[in-house]
Each structure stands twice: as C-alpha cells, then as structure tokens.
Amino acid sequence: MKKNIGTTDKVIRLLIAVVIGVLYFTNTISGTLAIVSGILAIVVLLTSFISFCPLYLPFGINTSKKKK
C-alpha cells in the first residue's frame, strides 16, 4: 500500500472530520444526516492517519511529495 496523501490533504481531511464532530456534538446535525456524516468523518480520519486513499487509485491521484 503506497502512500498517496500529502500533508496538505491530511490537514484538510482532519479539519473536515473535526468540523463534522463539532456539528454533531453541538446538535447542529442529527438523525440520518448525523449518521452519514459521522461515517464520512471516520473514513476521512482513517485515510488521513494511514496516508492512503483507495479512491485516488483509479484516478491516478497522488498528493504526496515524491522523494528524489
């Protein structure tokens, strides 16, 4: 599993997960939207920590810096 997520991409993903978490815990989102958003936040957080996004593979996207 080759890393394909760069630092900027990780930060954006972490911010998205935090915003979704804050919206959930302040009861701004609830019900089905909260469940779907929570699952999305977990997936985004997980991919950020492992630095690999499986959705990037078919499109050939790689935001990590190349080592020379």
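To be clear, the structure that these remarks concern was listed above.
Since this is a predicted model, take the numbers as computed values, not measurements.

Criteria and thresholds
Residues numbered from 1 in each chain as written. Predicted model: local features only at pLDDT ≥ 70, side-chain atom pairs only at ≥ 80, totals over all residues. Heavy atoms only, no water. Helix = DSSP H or I, 4+ residues; strand = E, 2+ residues; numbered from the N terminus. Buried < 20%, exposed > 50% of the residue type's maximum accessible area, 1.4 Å probe, protein only. Contact = heavy atoms within 4.5 Å. Areas by Shrake-Rupley, 256 points an atom, 1.4 Å probe, with all protein chains shown as cover. Polar contact = N/O pair within 3.5 Å; in protein donor to acceptor, adjacent residues only side chain to side chain. Expected span 1.5 Å × (residues − 1). Arc of directions from axis to C-beta. Phe/Tyr/Trp six-rings, centres within 6.5 Å; stacked < 30°, edge-to-face > 60°.

With that settled, consider the overall build of the protein chain. When you go through the protein chain residue by residue, the secondary structure sums to 3 helices and 0 strands. Helices and strands in the protein chain line up, N terminus first, as α-α-α. The dimensions of the protein chain, computed from C-alpha atoms along their principal axes, are 45 × 20 × 15 Å. A burial count over the protein chain gives 28% of its 68 residues as buried. In the protein chain, the proportion of contacts linking residues at least 24 apart, taken out of those at least 6 apart, comes to 77%. Accessible surface, the protein chain: about 5400 Å² in total, of which carbon and sulfur atoms supply 72%.

Right, let's talk about the side chain of Ser64 for a bit. Among the secondary structure elements, Ser64 is positioned in the segment after helix H3 (56–59). Within the structure, Ser64 has its side chain in polar contact with the side chain of Asn62 (distance 2.7 Å). Beyond its immediate stretch of four places on either side in the chain, Ser64 contacts Lys3, Asn4, Ile5 and Gly6.

The first and last C-alpha atoms of helix H1 (residues 7–25) sit 27 Å apart over 19 residues, in line with the 27 Å expected at 1.5 Å per residue. Along H1, the residues classified as buried are Asp9, Arg13, Ala17 and Ile20. Buried residues of H1, seen end-on, are gathered within an arc of 70° and therefore sit on one face of the element. Across H1 from its buried face, at more than 90 degrees, point the exposed residues Thr7, Thr8, Leu15, Val18 and Phe25. The elements touched by buried residues of H1 are helix H2 (31–50) and H3.

The next subject is the environment of Val22. Relative to the elements of secondary structure, Val22 occurs in helix H1. Exposure remark for Val22: the relative accessible area of 45% places this residue in the partly exposed category. Distance from Val22 to Ala34, taken between C-alpha atoms, is 11 Å for residues 12 residues apart in sequence.

Attention now goes to the packing of aromatic side chains. Counting across every chain of the model gives 1 aromatic pair. For the pair Tyr24 and Phe25, a centre-to-centre distance of 5.1 Å together with 75° between the ring planes defines the contact as edge-to-face.

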